[in-house]
Amino acid sequence: VQVAGFKASLEDLGPEGAAVGALTQGAATIGQALSTIGSSAATNAEKVGAAKSVIGAIGAIMASQAKAQEASIDKSINAEKKRDGKSKESLAKIKAMEAKKVAIQRKAFEQNKKVQLANAIITGYAAIQSGFATPPFFPVGLAMGAFAVAQTAMQIQGIRKQTFQGGGGESASASAAPSTIAVGG
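Residues numbered from 1 in each chain as written. Predicted model: local features only at pLDDT ≥ 70, side-chain atom pairs only at ≥ 80, totals over all residues. Heavy atoms only, no water.

Peer 1: Requested: an account of a nonpolar patch on the surface, with residues and values cited.
Peer 2: The grouping of Phe132, Phe137, Phe138, Leu142 and Val149 at the surface amounts to a nonpolar patch, some 490 Å² of accessible area in total. Per-element tally for the nonpolar patch: the top contributor is helix α5 (residues 137–161), with four residues. Relative to the elements of secondary structure, phenylalanine 138 occurs in helix α5. (Patch = residues over 30% accessible without salt bridge, like charges linked within 9 Å, V, L, I, M, F, W, Y side chains within 5 Å. Areas by Shrake-Rupley, 256 points an atom, 1.4 Å probe, with all protein chains shown as cover. Salt bridge = Lys/Arg side-chain N within 4 Å of Asp/Glu carboxyl O. Helix = DSSP H or I, 4+ residues; strand = E, 2+ residues; numbered from the N terminus.)

Peer 1: So, the environment of alanine 148: which residues are in play, and what are the values?
Peer 2: Within the secondary structure, alanine 148 sits in helix α5. For alanine 148, a relative accessible area of 0% corresponds to the buried category. In this structure the C-alpha to C-alpha distance between alanine 148 and glycine 131, which are 17 residues apart in sequence, comes to 6.6 Å. (Buried < 20%, exposed > 50% of the residue type's maximum accessible area, 1.4 Å probe, protein only.)

Peer 1: Account for the packing of helix α4 (residues 88–132) against α5, with residues named and values stated.
Peer 2: Contact geometry of α4 with α5 gives a least axis separation of 8 Å together with a crossing angle of 175°. The angle between α4 and α5 places the two elements in the roughly antiparallel class. Each residue belonging to the contact of α4 with α5 can be placed in one class, and the counts come to 14 nonpolar, seven polar and two charged. (Axes fitted to C-alpha atoms, helices over the stretch in contact; angles between N-to-C directions. Parallel < 35°, antiparallel > 145°, perpendicular 65-115°, else oblique. Nonpolar A, V, L, I, M, F, W, Y, C, P; charged D, E, K, R; others polar.)

Peer 1: Lay out unusual backbone geometry in plain terms, naming residues and giving numbers.
Peer 2: The omega torsion across proline 135 and proline 136 is -15°, close enough to zero to call that bond cis. Structurally, the position occupied by proline 136 is in the loop between α4 and α5. Residue phenylalanine 138 is joined to proline 139 through a cis peptide bond whose omega torsion reads 5°. With respect to the helices, strands and loops of the structure, proline 139 is situated in helix α5.

Peer 1: Before we move on, can you summarise the confidence of the model for the chain with the specific residues and values?
Peer 2: Note that predicted coordinates carrying low pLDDT should not be read in detail. Averaged over every residue, the pLDDT of the chain is 90; the share at 70 or more is 90%. Ignoring residues within four places in sequence, the model shows residues 169–177, a span with pLDDT below 50, making 17 contacts including any to other chains. (pLDDT = per-residue confidence, 0-100. Contact = heavy atoms within 4.5 Å.)

Peer 1: Talk me through the packing of aromatic side chains; I want residue IDs and the actual numbers.
Peer 2: This model, assessed by the stated rule, comprises two aromatic pairs. Between phenylalanine 132 and phenylalanine 137, the aromatic rings sit 6.4 Å apart at their centres with planes inclined by 40°, giving tilted as the arrangement. (Phe/Tyr/Trp six-rings, centres within 6.5 Å; stacked < 30°, edge-to-face > 60°.)

Peer 1: I'd love a proper account of the pattern of salt bridges, names of residues and values included.
Peer 2: Tallied over the entire structure, the rule returns four salt bridges. For the salt bridge of lysine 75 with glutamate 16, the shortest nitrogen-to-oxygen distance reads 3.7 Å. On the criterion of sequence distance, the pair formed by lysine 75 in helix α3 (residues 44–83) and glutamate 16 in helix α2 (residues 15–38) is long-range, its members being 59 residues apart. For glutamate 80, the salt bridge identified is with lysine 93, shortest N-O distance 4.0 Å. Of the two residues, glutamate 80 sits in helix α3 while lysine 93 sits in helix α4, which places them 13 residues apart along the sequence. On the basis of relative accessible area, glutamate 80 is assigned to the buried category, the value being 5%.

The structure is reproduced here in structure tokens:
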């Protein structure tokens, strides 16, 4: 709770503060998740959830870093526009900064895809394991396991089809993939 309040205070400082806040929150989340993963009392489902928390925290840290970098470039672009913004040299500087910003956005998009793939694999593994464990194994467990394999493959394929649309944000050309996969009990 204290970390969440600290993070909120840092977010008031702008994108750079939000990046520090995400790093602080991420470190706390990762620490708790590693404790769960290392616990002999934790269930398999709790350990899978903890692994997903680690991946999610890393993704949030990377995303906030990218936003802070974009904000810094936006400040530089605005400063250049105020300074001159009309000469050939100034317009070339602005164009170069805009290109750098798009490169940061593209990298953030690709990093987010990797985070989504990792989460899909972790979730899929748990669903497949749960599906095959559904009694009776033949035919119900076998069918549920096969269904989980197919769902996981579809989710991974959907994530891989996502493409960066350039400069305006993170759009995807593929239809939305399922956010979770759950099979069995």
